[in-house]
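Observations on chain architecture
So the chains spell out like this:
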Amino acid sequence: MLGTLPGEESLRRGEYYAHPRNLFWPIVFALFGETPPPDYADRVRFIGARRIALWDVCASGQRIASADSTIAAEVPNTIDTLIDTHPGIRAIAFNGSGARRLHDRHFPRRAELRYLALPSTSPAHARLGFAEKFAQWSSLSEALED
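Residues numbered from 1 in each chain as written. Predicted model: local features only at pLDDT ≥ 70, side-chain atom pairs only at ≥ 80, totals over all residues. Heavy atoms only, no water.

**Details of the nonpolar core**
By size, the foremost hydrophobic cluster in this structure holds 20 residues, and its most contacted members are Met-1, Phe-24, Trp-25, Trp-137 and Leu-140. Going through the elements one at a time, helix H2 (24-31), helix H3 (40-49), strand E6 (114-118) and helix H6 (130-145) are the ones with two or more residues in this core. A total of six residues in this core trace back to one element, the largest contributor, which is H2. Those residues in contact with Met-1 that sit more than four places away from it in its chain are Tyr-17, Phe-24, Ile-52, Ala-53, Leu-54, Trp-55, Ala-93, Phe-94, Asn-95, Leu-118, Trp-137 and Leu-140. The next biggest cluster of nonpolar side chains, apart from the first, holds 14 residues, and it includes Leu-2, Ala-99, Leu-102 and Leu-113. (Core = buried A, V, L, I, M, F, W, Y, C linked by side-chain atoms within 4.5 Å. Buried < 20%, exposed > 50% of the residue type's maximum accessible area, 1.4 Å probe, protein only. Helix = DSSP H or I, 4+ residues; strand = E, 2+ residues; numbered from the N terminus. Contact = heavy atoms within 4.5 Å.)

**Details of H6**
The terminal C-alpha atoms of H6, which comprises 16 residues, lie 23 Å apart, in line with the 22 Å expected from a rise of 1.5 Å per residue. Gln-136 marks where H6 bends most, by close to 30°. Residues of H6 that are buried: Lys-133, Trp-137, Ser-139, Leu-140, Ser-141, Ala-143 and Leu-144. In this structure, the buried residues of H6 make contact with H2, strand E5 (91-95) and E6. (Expected span 1.5 Å × (residues − 1). Bend = angle between axes of the 7 residues up to and from the residue.)

**Let's talk about the packing of aromatic side chains**
A full pass over the atoms with the stated rule returns 10 aromatic pairs. Where Phe-32 meets Phe-46, the ring centres are 5.7 Å apart and the plane angle is 80°; that geometry is what we call edge-to-face. Of this pair, Phe-32 sits in the loop between H2 and H3 while Phe-46 sits in helix H3, and the two are 14 residues apart along the sequence. Of the residues examined, Phe-46 reaches a relative accessible area of 12% and is grouped as buried. (Phe/Tyr/Trp six-rings, centres within 6.5 Å; stacked < 30°, edge-to-face > 60°.)

**With respect to the side chain of Lys-133**
Within the secondary structure, Lys-133 sits in helix H6. In this structure the side chain of Lys-133 is engaged in a polar contact, spanning 2.7 Å, whose partner is the backbone oxygen of Ser-120. Discounting chain neighbours no more than four positions away, the residues touching Lys-133 are Leu-23, Ile-27, Pro-119, Ser-120, Thr-121, Ser-122, His-125 and Leu-128. (Polar contact = N/O pair within 3.5 Å; in protein donor to acceptor, adjacent residues only side chain to side chain.)

**Let's talk about the packing of H2 against H6**
Packing of H2 against H6 brings their axes to within 9 Å, and their N-to-C directions diverge by 55°. Classified by the interaxial angle, the pair formed by H2 and H6 is oblique. Relative to H6, H2 is oriented so that their crossing is right-handed. Mapping the contact onto sequence places Phe-24, Pro-26, Ile-27, Val-28, Ala-30 and Leu-31 in H2 and Phe-130, Lys-133, Phe-134, Trp-137, Ser-138, Leu-140 and Ser-141 in H6. Looking at the contact of H2 with H6 residue by residue, the classes come out as 10 nonpolar, two polar and one charged. (Axes fitted to C-alpha atoms, helices over the stretch in contact; angles between N-to-C directions. Parallel < 35°, antiparallel > 145°, perpendicular 65-115°, else oblique. Left-handed = near helix turned anticlockwise from the far one by under 90°. Nonpolar A, V, L, I, M, F, W, Y, C, P; charged D, E, K, R; others polar.)

**A closer look at the side chain of His-103**
Following the sequence through the fold, His-103 ends up in helix H5 (residues 97-106). In this structure, His-103 is in contact with Leu-2, Val-57, Ile-79, Ile-92, Phe-94, Pro-108 and Tyr-115, ignoring residues within four places of it in sequence.

**Notes on H2**
Within H2, six of the eight residues are buried, which leaves the element mostly enclosed by the surrounding structure. Within the span of H2, buried status applies to Phe-24, Trp-25, Ile-27, Val-28, Phe-29 and Leu-31. Buried residues along H2 sit against H3, E5 and H6. Two residues or fewer past H2, Gly-33 is found with a positive phi of approximately 70°.

Next up, the structure:
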């Protein structure tokens, strides 16, 4: 699962998707019929047990507040190396179009991987509600079963 860069609240707390209105944790847990526990370490263990890894396309970059649309001067993470050293990776899911766009700017797509363009779970992307986002994110469950 690739995001763009951690938002301000995530950086402050040292946790992925820490903003209380971000739907990432509720959606991912709902895919498995569960409710996210309050403890971040428990959340991370849960997704790890389901073969979901979290990372960002960018190792660093400049942006205004937490707005993905303002990301500039980004330095990508070594996603290509990660894929090369972990041949069990079969799919890459993008949390939002910003992550997909940044990935495709810095890395070629690989024929052996499945790519999932999912709607952003960020509260800044409120055009879709939980139900609509959840319906589209269900493709992640299918990719995990493959």
